[in-house]
Amino acid sequence: MKPAKPLCMLFVLSFLIMLALVPPTSVSFSSVERPKDMKAIAGEGHYYDDLSNGSYRDPENTNASWGAGAIMADTDRSVDRLDSFNLPGSVRSLAIQGREAFVAAYRTDTNLDSLFVLDISNASEISELSNRDSSKHLTAVAVSGDFGVVGRAVNGDLFFYNLSKPTDMFDAFLGFDDYNFTVTDLEIQGRFLYAMRLNTDDGFGLSIYDIQDPSNVIAIDSSPSFNITRGYGIDIQGDILYVANGEHGILSVNVSNPYSPERLDTLDTITGWNCTDVIVEGNRVYIATEYHGIYVVDASNVRDLRILGQCDTLDKANRLAIHGKSLFVADGTQGVRVIDVSNPRNPTWLHQASGFYAYCITIHGDTVYVGTDDGVRALRYMHQTDFYKLASYNERKALDIRVQGEIAYVAGGSDGLYTLNVSDPANPVLLDNITVGFPEFYRKLDVQGHYAYVADYGPGGGLRIFNVCNPSNIEYIGVRTFSQTTDVDVEGDVAFVANGNNGFAILNVSNPSLFALSVSGPYVDISITGGDGSLGNITALWNQGPHLYVANYREFGGGCFTYDISDLANPRMMSSAAVYKSYEIAVDGDIAFVNHDSVLRVYNLTPPNNTQLLTSFGWIDNITGICTDGRYVVVSMGDDNLILLDASNSSDLDVLDWQDEPTPLGVFIHGENVYCAAEDHVSIYSIYKGACSSFREGLSVAQSIPLDDTERAMVSATLHSDYWHQSEVSVQFQLSPDGGENWENVMPGMEHEFEHIGSDLCWKINIHNGLRDRTAFIYDLDIEYTYNEAPEAPVLNDPGETDGDGNFTVSWKAAADSTGSIYSYELQIASTIEFDSVLDSWVTDDVNQEVTNLEEGEYYFRVRGMDEFGMLGPWSNVENITVEIETPTTTTTTTTTTTTNTEETTTTTSDTDDTNGQFWFIFFFDSTLLLMIIIGLAFVVIVIIALRRR
């Protein structure tokens, strides 16, 4: 017995052969690849971008900088060496205020020409305003308003100066203090001077002075021994002072009461390494440790300082400066080092400017000033880019804003006070909010250290104080009640409060926890009248050194006043400027920016008893906020604009850019960004890119939004670009014809035919670096592209009302295509006019299609054309037809034949239409199918016979 398996396989094989020989009745539609040998006569488009504005910048593109003619991978390594100003002797310290730099020259041979005042209004052309003979071995300088102090190494003397006439320092000397030990660093906050000294055997390395009256500086005999014997550097934020104590590490000291400072913590983990400088920014403290690089310290708990990260420098880290995420190090023979501190646990060295010995460093706006072995150098690491929006926070109201470190503090009207984490400016995150009082109206605020001071204009409001040491858990401390609190400015332990029609008040806030309970220290109310004798309406004020500048909002008879506050209990008005409807004031050194009704005015404040108008900017109106940063000024126009100005020349302001922003109010510049309180939301704008702001390890991407918004299929494009990159860097250009769904690599200068089809052309640049300190620049993009229009809709012919057998032809008139030719048509059939359930479809290059074997029912048809680039046109008109297959009728014929022996009856049934007597099975089967079955059966019989013979 032969196995049955081969026989079964033969049956299956035979059946499959028969099916394969049966011709198909339809073809299913599928995507058709574009023929490579065909090209339409297409339209042409052109796009050019020098990256000077963000019109086509993809708002989701945050991985690379954009603007100023460059896209940077990793970081912008370019350093503009603006100017060098040679001085007799090395520069161990310099201080900048407004447009003036005060420079202490370390001269070993003479005291002649040792203190200089430089004009830095144009950093590319530094010039000397004046100089004077001070002392040999000058090592430190600090400035506040028109008060200046310098210290020297030998004998450790301190010298005090009146800087109200920076162009003439001949009569500037005020007095001195015999300090006895080498002065290493000076810091001024409010009415107190903090001085650091070196090589003190008694441990009293910190001295504090009351400088409220510059002509009568008073040493405070209250500094306890904190074992500061190697004090090199100090910095202060709010009421916390940080000391770099040489090989003894760093200290945190509470100076809320300068008459009784309190040591909080000593970080001795780095004991044995020479700590030479310390700076604080928010909850981060940065330490220079000479030949051991820099450290980043977490100071969120000032009683428990903790090291986060460390980065080596190549030489002697002397002094530090911070700007956004860029830490600048005066690194001795290695010049200036720039370190990215965006990740505090992994600070990373990026690049340097060398060729000089760097002793000290400070930042003013976008420019770094370096004290070197032969004078002062100006370097520009930050570059102004397109002024564009990074993000918005829309959940709460916003009337005023301040930023400290990575936290934004917002006065939100009836929404109270709230904090935002802005470590990623493109994604602000709410941390906490608090509202005290009813009905509350938190109008303006100031932040100093761990406290926020809020001007609550609501009934029963006043000056409210909050503890923001933990910005995720704001704590309310208390309130000093005022009837019309409109503004507040806090400097050290003194708060200056604008009280509307009641003038202004000066308060002691040295102990915020007792603020609401007592009136200790200086406290005074000052009433101001207008020029017509009526009571004024104080809306804004600004303290700088021994002077207070007050803006009076009056329709007539208003003014901007300068007060001498060297005696806090008895402020004395020195001068005034005739302005009215003044709502905002900002002071930068000896320049004041004030709104005068609908005009921005700029005043010269030196000397302070003779305020002089420099210029007016007439088309800026309804000013609600002003902020300055170096040569940049940002003004908010309450209706709908933020204006970015270049105030390098204070007598001739230059508009750089502006942004449409609904109802902008308070503005604040911090790091590289502008923060705007805009009534019902907070907006964050990029003002310029810092040295480390664009750094990304590995891959950086820049991407555009669609360049062409018309419904046209992209055929090809040629991209040209002016770009530069270093070794170990690769730059890949890409284009997408479909809005970014598919990206195709392109070679600059070569025409590229798109593989995919779409109508939204975008570009993208991928920049990949092999080393962290490498970068690339894209200066411009020029794209010429071709496109073709979609075909028009064909016109479908009416196939008729009914069909009797389910077999007929559907035809249409050819579709027109203005920029190409038709490659194929797609015909669809459905049982409903909505085509929500397509029964079948055909693709053909003809203008007709045979339809067969339809069952009874109503059918709908539509057709559309596709050109050689795969661009589909619109659907045609819809036509329908009803299929009604006729049912055959039959007749029965009976024939009777009679014989002798039998009777036989035969009955035959046939179609009445068929008179040829064909057999029923011929009509039941298609002739081709019948033939295939006969062939298959014959093949099976042959196989069976063959098997039996075996």
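Small disclaimer: the values here were computed from a predicted structure and weren't measured. (Residues numbered from 1 in each chain as written. Predicted model: local features only at pLDDT ≥ 70, side-chain atom pairs only at ≥ 80, totals over all residues. Heavy atoms only, no water.)

Draft legend 1. Spotlight on the overall build of the protein chain. When helices and strands are tallied, the protein chain shows three helices and 74 strands. With 950 residues in all, the protein chain has 56% of them scored as buried. Within the protein chain, contacts between residues at least 6 apart in sequence are counted, and of these 54% link residues at least 24 apart. Carbon and sulfur atoms make up 47% of the accessible area of the protein chain, which totals about 39900 Å². (Helix = DSSP H or I, 4+ residues; strand = E, 2+ residues; numbered from the N terminus. Buried < 20%, exposed > 50% of the residue type's maximum accessible area, 1.4 Å probe, protein only. Contact = heavy atoms within 4.5 Å. Areas by Shrake-Rupley, 256 points an atom, 1.4 Å probe, with all protein chains shown as cover.)

Draft legend 2. Seen up close, the confidence of the model for the protein chain. The predicted model of the protein chain averages 82 in pLDDT, with 82% of residues at 70 or higher. Here helix 2 (residues 920–924) is the element of the protein chain with the lowest mean pLDDT, 37, and strand 32 (residues 407–411) is the one with the highest, 97. Low pLDDT, under 50, characterises residues 517–521; the stretch is placed with four contacts to residues that sit more than four places away or in other chains. Scored below 50 in pLDDT, residues 891–928 makes 30 contacts in the model with residues more than four places away or belonging to other chains. (pLDDT = per-residue confidence, 0-100.)

Draft legend 3. Broad picture of the pattern of salt bridges. For the structure on display, the rule yields 23 salt bridges. Between Arg191 and Asp210 there is a salt bridge, with its nearest N and O atoms 3.3 Å apart. With a gap of 19 residues between them, Arg191 in the loop between strand 11 (182–189) and strand 12 (192–198) and Asp210 in strand 13 (residues 206–210) connect regions that are remote in the sequence. Of the residues examined, Asp210 reaches a relative accessible area of 11% and is grouped as buried. In this structure, the salt-bridge partner of Arg402 is Asp400, at a minimum N-O distance of 3.2 Å. You'll find Arg402 and Asp400 in the same group, each marked buried. (Salt bridge = Lys/Arg side-chain N within 4 Å of Asp/Glu carboxyl O.)

Draft legend 4. Quick look at the sheet that holds strand 19 (residues 277–281). Taken together, the four strands give an open sheet; going across it, the order is 19-20-21-22, and neighbouring strands pair in antiparallel fashion. Two strands close off the open sheet at either side, each with one partner strand: strand 19 and strand 22 (306–311). Neighbouring strand axes in the sheet, compared pairwise and without regard to direction, differ in orientation by 20° on average. Of the pairings in the sheet, the one linking strand 20 (residues 284–288) to strand 21 (residues 294–298) comprises five bridges and is antiparallel in character. If you follow Tyr286 over to strand 21, its bridge partner there is Val296. (Pairing = 2+ DSSP bridges. Axes fitted to C-alpha atoms, helices over the stretch in contact; angles between N-to-C directions.)

Draft legend 5. Looking closely at the side chain of Arg464. Residue position: Arg464 is located in strand 37 (residues 462–467). Owing to a relative accessible area of 5%, Arg464 belongs among the buried residues under this scheme. Within the structure, Arg464 has its side chain in polar contact with the side chain of Asp456 (distance 2.8 Å). Apart from the residues lying within four places of it in its own chain, the contact partners of Arg464 are Val436, Gly437, Tyr442, Ala452, Tyr453, Val454, Asp456, Tyr476, Gly478 and Val479. (Polar contact = N/O pair within 3.5 Å; in protein donor to acceptor, adjacent residues only side chain to side chain.)

Draft legend 6. Examining the layout of surface pockets more closely. Computed from the structure, the second largest pocket encloses a volume of approximately 390 Å³. Around the second largest pocket, the lining is made up of 17 residues, and of these Arg92, Tyr232, Asn318, Arg319 and Tyr359 lie nearest the centre. Considering every element that reaches the lining of the second largest pocket, the biggest residue donor is strand 11, with three residues. Considered class by class, the residues forming the lining of the second largest pocket number seven nonpolar, six polar and four charged. (1 Å grid on protein atoms, 1.4 Å probe; cavity = no way out; pocket = protein on both sides within 12 Å on 5 of 7 lines; lining within 4 Å. Points joined across faces, edges and corners; volume = space filled by probe spheres on them. Nonpolar A, V, L, I, M, F, W, Y, C, P; charged D, E, K, R; others polar.)

Draft legend 7. Spotlight on the packing of aromatic side chains. All chains considered together, the criterion is met by 19 aromatic pairs. With 6.2 Å between their ring centres and 50° between their planes, Tyr442 and Phe466 make a pair best called tilted. On the criterion of sequence distance, the pair formed by Tyr442 in strand 35 (residues 442–448) and Phe466 in strand 37 is long-range, its members being 24 residues apart. Of the two residues, Tyr442 and Phe466, neither departs from the other in class, the shared state being buried. Consider the rings of Phe466 and Tyr476, whose centres lie 5.2 Å apart with planes at 50°: the pair is tilted. Taken together, the residues span a long stretch of sequence, with Phe466 in strand 37 and Tyr476 in strand 38 (residues 475–481) at a distance of ten residues. By relative accessible area, which is 0% here, Phe466 ends up buried. The class of Tyr476 is partly exposed, set by a relative accessible area of 30%. Connected via pairs of aromatic rings, a cluster forms that spans Phe147, Phe160 and Tyr209. Between Arg443 and the ring centre of Tyr457, over which it is positioned, the NZ or CZ distance is 4.9 Å. In this structure, Arg862 is placed above the aromatic ring of Phe835, and the distance from its NZ or CZ to the ring centre is 4.2 Å. (Phe/Tyr/Trp six-rings, centres within 6.5 Å; stacked < 30°, edge-to-face > 60°. Lys NZ or Arg CZ within 6 Å of the ring centre and 35° of its normal.)

Draft legend 8. Representation of the sheet that holds strand 12 in the model. A sheet is described by the order of its strands in space; here four strands give the open sequence 11-12-13-14, paired in antiparallel fashion. Single-partner strands in this sheet number two, and they are strand 11 and strand 14 (218–220). The sheet shows a mean angle of 30° between the axes of neighbouring strands, taken without regard to direction. Across five bridges, strand 12 lies against strand 13 in antiparallel orientation. The residue of strand 13 that forms the bridge with Leu193 is Tyr209.

Draft legend 9. Highlighting the pairing of strand 59 (residues 712–725). Of the pairings in the sheet, the one linking strand 59 to strand 64 (residues 776–789) comprises 13 bridges and is antiparallel in character. Residue pairing in the sheet places Leu719 in a bridge with Ile783 of strand 64. Pairing of strand 59 with strand 62 (residues 751–753) involves three bridges; the strand directions are antiparallel. Paired with Thr718 across the two strands is Glu751, which belongs to strand 62.

Draft legend 10. How the structure looks around the environment of Asn470. By the element assignment, Asn470 lies in the loop between strand 37 and strand 38. C-alpha of Asn470 to C-alpha of Asp432: the two residues are 38 residues apart in sequence and 9.6 Å apart in space.

Draft legend 11. Main features of unusual backbone geometry. In this structure, Pro439 follows Phe438 across a cis peptide bond, with omega equal to -10°. Inspection of the secondary structure puts Pro439 in the loop between strand 34 (429–434) and strand 35. Cis rather than trans, the peptide bond between Thr606 and Pro607 has omega equal to -5°. Along the chain, the position of Pro607 falls in the loop between strand 49 (599–604) and strand 50 (612–617). In this model, Asn227 sits at a positive phi of 60°, which is unusual for a non-glycine residue. Within the secondary structure, Asn227 sits in the loop between strand 14 and strand 15 (233–237). Residue classification places Asn227 among the partly exposed positions, given a relative accessible area of 44%. Its identity as a non-glycine residue notwithstanding, Glu290 has a phi of 55°, on the positive side.

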